[in-house]
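# Overview (structure and organization)
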Amino acid sequence: MKIAVYAVRYKGNWTLRLSADIRVDMTWWMNQDEGQENVVERWVLLGDELPLSWGTKLCETFKELANMERWGKWQWWAYILAQLKSELAIEPFDGERILSGGVENICIWDHVQGWTSCTKGGDEGRETDGILRSIQKRSLITGIDGLDRECLTRQANELANLLSGRQLLVPEVEALLAEAAPGLEHTWRSAAQLAYLQGRLSFAAGLAPAPRTRWSAARTHELRCNRCGSGVVHRTSCASCGRKACAYCETCLALGRSRECSLLLRGVAKPVLPCTAGRAPATELDRWGLSPAQRAAAEAALRFLAAPHGEVRGRFRPEGRGLRALFRRDRVARRGSDAAASHGSNLAHSKQSSPKPGEGARHNADRQVPDTTVGRFLLWAVTGAGKTEMMFPLLQYVLDHGGTALVATPRRDVVLELAPRLGIAFPDVSMVTLYGGSAERWQRGQLTLATTHQLLRYRQAFDLVVIDEIDAFPYHNDPMLAFAAQAVCKPKGKFIYLSATPPQSLQKEAARGLLPYAKVPVRFHRHPLPVPFRLGTASVQHWLQKGRLPASFIQRLRVSIQRGAQVFLFVTRISHIQGLVKLLIKQLPDVPIAGTSSQDEERTAKVRLFRATEIRVLVTTTILERGVTVPRSDVYVLDADSSLFDEASLVQMAGRAGRSKDDPCGGVIFTSPQWTRGQKRAIRQIKRMNALARKRGYLKEAKH
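Presented here is a report on the structure given in the accompanying data block. From a predicted model like this one, the values you see are computed outputs, not experimental measurements.

How each quantity is defined
- Residue numbers run consecutively from 1 along every chain, following the written order of its sequence.
- pLDDT decides what is reported in this predicted model: residues at 70 or higher carry local features, side-chain atom pairs at 80 or more are listed and counted, and totals for whole chains, interfaces and linings draw on all residues regardless.
- With hydrogens and water excluded, all non-hydrogen atoms of the structure serve as input to the side-chain values.
- Helix and strand assignments follow DSSP, with helices taken as H or I runs no shorter than four residues and strands as E runs no shorter than two, numbered in order from the N terminus.
- Relative accessible area decides the class of each residue, using a 1.4 Å probe on protein chains only: under 20% of the type maximum gives buried, over 50% gives exposed, and in between gives partly exposed.
- A contact between two residues is defined here by any heavy atoms of the two lying within 4.5 Å.
- Here, Shrake-Rupley sampling with a 1.4 Å probe gives the accessible areas, and only protein chains in the shown set may cover a residue.
- We call two strands paired when DSSP finds no fewer than two bridges between them.
- Helix axes are fitted only over the stretch in contact, all axes being lines through C-alpha atoms; the angle between N-to-C directions runs from 0 to 180 degrees.

### Section: the overall build of the protein
Looking only at helices and strands, one finds 21 helices and 26 strands in the protein. The 704 residues of the protein split such that 57% are buried. Considering only intrachain contacts with a sequence separation of at least 6, the fraction spanning at least 24 residues in the protein is 75%. Total accessible area computed for the protein in this model is approximately 30,000 Å², and 49% of it derives from carbon and sulfur atoms.

And the structure:
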C-alpha cells in the first residue's frame, strides 16, 4: 500500500503525519473557521504515494531541524533521501523511482502566502498557479470541496467504535465493515483518516524495524511483524507498493499476509475497569458452590482483581530470554496526534487550544506491545481440581463491574467444550466464541472465548485476560502466541494464568515472591491424587522387535481390566501404536482395543467410543494428555523415561486417572528401563500436592 506523508508546523513545532486520504488532512489543517485561534503556520506535502513502510520510517525518525520553516522543495527532498538512505539501498534498481514525482511532487502551503514555492537557496517566491495545477492534477482541491463533513464525522465515529480494541489489516477491516457497517467498506479511508487525526485510531505498517536497545544486537534492517512479533520474514516484489524487496511475515500467514506495506489499523483502547478494593470478595463466591480449596483460591484471585494496580506484586515479565525483545518497552516519545486531535478543525467542530510541544501520541510509532506492567496471578490447580468453576467468580466480578473479559485456551476443542458451560453460567452476558472458521469472528461481546491464535486481531481490548493451560501446546514455547496474549490486555489490566503444571519460570517467580499465586492441591472430590508406580521393563521398541509383551505389564493390565477400568496407554511415537495394538489384541483377545493419534481421522469417534466403554484400552500419544475426562480410568505411560515426556507431560498424563468421585483412586503406572529425573520430579510434585492438601485439611478421611 502507498500512503501520503506531510509535515505540519503548528504552534511553533513541526510534526510528520501519515494520510490515507489527504483531502481530509487538508480540510482539517487548512480550512479555518473565521476567528479560530488554532492556525497552522506551514504545511508541506512530501508525497502522496510513498510506500507505507517508508512513510512510517519518516514519521518515526523525524527530528525538527533549524530553519525548517524556510525550507523549500529541494531541502525537503534532500531530507527525504537522507532519511530513507538505507531503504533505497536495499532496492535492486533505482530506489528513487518509487518516490513518485520526486521533488516536483512536494507542495508547500503557508498560512500567510497560501500555496508557495521556494528556490533551492530558500528564497520564497509566488508560484501559486503552478502549485495549484499540481494539486488539482491529483484531484485534491476539488475533493476537499466535495467532502460531506457531517457524514464523514458519523462514519469516523462508527469506524472508531468498531475498531476499538482491535488491530486489523485492510482486508480484515473491509470484511468487518461488510458485515457490521455495509457500504462503509468502500469508503472507509476517509473515515479512518479523520479518526486518526482525532487520536482514536492509529496506523502502523505490518512489518517495521525491530526496536533497538543497548542490549540488542539487532541489525539495522532487521524487521519484526507488528501483528505477531515474529522476525521470520521473506522479501518479494510487491505490486502494491512498487518495491522489489518488500518483506512479509511468514509466521502469521494463516491470518492473512502482513507486509511492510500493509496498513495495520489499531483502535484506541477504552479505559480500564476501575478497581473497587473496598468490596468484600467473598460475596462473589456464594452462588458457585465451590469446595473449600476452590473457594480459598478464588478468594485470593478476587483480592488480586480488586486491589489497586500499584499494590499488586508480581509485575509482567516475559517468560524466557527469547521473549525479552518482544516485550521491550518502546521508549520513543510519542508526539503529534493530540495536537491534531485538539486542533480546531471544521470536521471536529473543536475550539480547543493546541497541547504543549511533545505531548500526544505518535500514531505510526505505536507498533510494539507496550510495557503496561499488567498485574499477573497464577492459579496453580492440580488436574481435575475444577479450574473452570474457579474461573466463574473471577469473570463474574469483572462483568458485574462493566468490564470485558477474555478466556483464551490453546486448543479449539477446549473452546467448543467451554462455550456451553460459560453460556449456562452467564446467560445474560453477550459472549463471542472465536476459533479458526468461527462465524462470530467480527462480533463483539462482553465475554470472549477464543483460541490463542485469534488474539492476533485484538490489542488492548480486555480488562481481564484468563490464559488456560499456559504450559500446553501450541501456546507453550511459542513467542507469537505469547506476544498476542500480552498485547490484548488493556494497560493496567489483569492476567490470570491457569495451569496444573506451570512452566519452571513461573514456578520460580512464584517461589521468589515476584508472582502472586494460589495453589489448589486437591480435586473437587477431595481425595488424594493417584501416585504413579514405576514398573521396570524394556522399551516399547524392544517389545515390538521381540513380538511379545512383558509378563509383569500384562499382569497389571489384566488387573485394570478386571476391575472395570478404562485404560489409557500413552506411547512416545505414532509409529508404535499399530504394532502395540496388535500385540495387545493377541494377549487380550476378548478386550476391545484401539489406537489413535493426531494423524487419525477417526480420533473423535474413537474417543467417544472409549468414553462409552465400547473401547476398553486406548493406545494414544500425548494428544489426550489434557482436556479428556473418562470415569474410572487407569493410566499406563510407556517409555516414561523418554525425553519426549517431561515432568509436566507425566503429571498431565497421570492426571487422567482418579478424576471421578466414584473412582477417585485410579492407578497410574510408569513403565521404563531407566529411572529418570523427569519421573522422579513428576512423582515428587504429586506427593507434595497431596501433602499440602492434607496439611490444609482439604482431604476427606479415608473410609475402611
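### Points about the sheet that holds strand E20 (residues 517-520)
The parallel open sheet is built from seven strands, whose spatial order is E16-E17-E15-E18-E19-E14-E20. This sheet does not close on itself; its edge strands, each paired only once, are strand E16 (431-434) and E20. Put simply, the sheet's adjacent strands are angled 15° from each other on average, direction ignored. Strand direction decides the pairing type here: strand E15 (residues 405-409) and strand E17 (residues 447-451), joined by five bridges, are parallel.

### Let's talk about the environment of Val429
Mapped onto the elements, Val429 comes out in the loop between helix H13 (412-425) and E16. Distance from Val429 to Leu447, taken between C-alpha atoms, is 7.0 Å for residues 18 residues apart in sequence. Excluding its chain neighbours within four sequence positions, the residues that come into contact with Val429 are Leu399, Gln446 and Leu447.

### Details of unusual backbone geometry
The phi torsion at Asn67 lies on the positive side, around 65°, for a residue other than glycine. Position of Asn67 among the secondary structure elements: in the loop between helix H2 (52-61) and helix H3 (73-83). Residue classification places Asn67 among the partly exposed residues on the basis of a relative accessible area of 49%. Despite not being glycine, Arg526 shows a phi value in the positive range, around 70°. Along the polypeptide, Arg526 turns up in the loop between E20 and strand E21 (533-536).

### Describing the environment of Val668
With respect to the helices and strands, Val668 occurs in strand E26 (residues 668-672). Taking the C-alpha atoms as reference points, Val668 and Val531, separated by 137 residues in sequence, lie 6.7 Å from one another. Leave out the neighbours within four places in its chain, and Val668 touches Pro530, Val531, Pro532, Phe533, Val635, Ala654 and Ala657.

### Let's talk about the pairing of strand E1 (residues 2-10)
E1 sits mainly inside the fold: eight of its nine residues count as buried. The pairing of E1 with strand E3 (residues 40-51) spans eight bridges and is classified as antiparallel. Opposite Lys2, over in E3, you have Pro51 as the bridge partner. The sheet contact formed by E1 and strand E2 (residues 13-19) spans seven bridges and is antiparallel. Its bridge partner lying in E2, Ala7 is registered against Leu16. In this antiparallel pair of consecutive strands, E1 and E2, the connection spans two residues, and Lys11 shows a positive phi of 55°.

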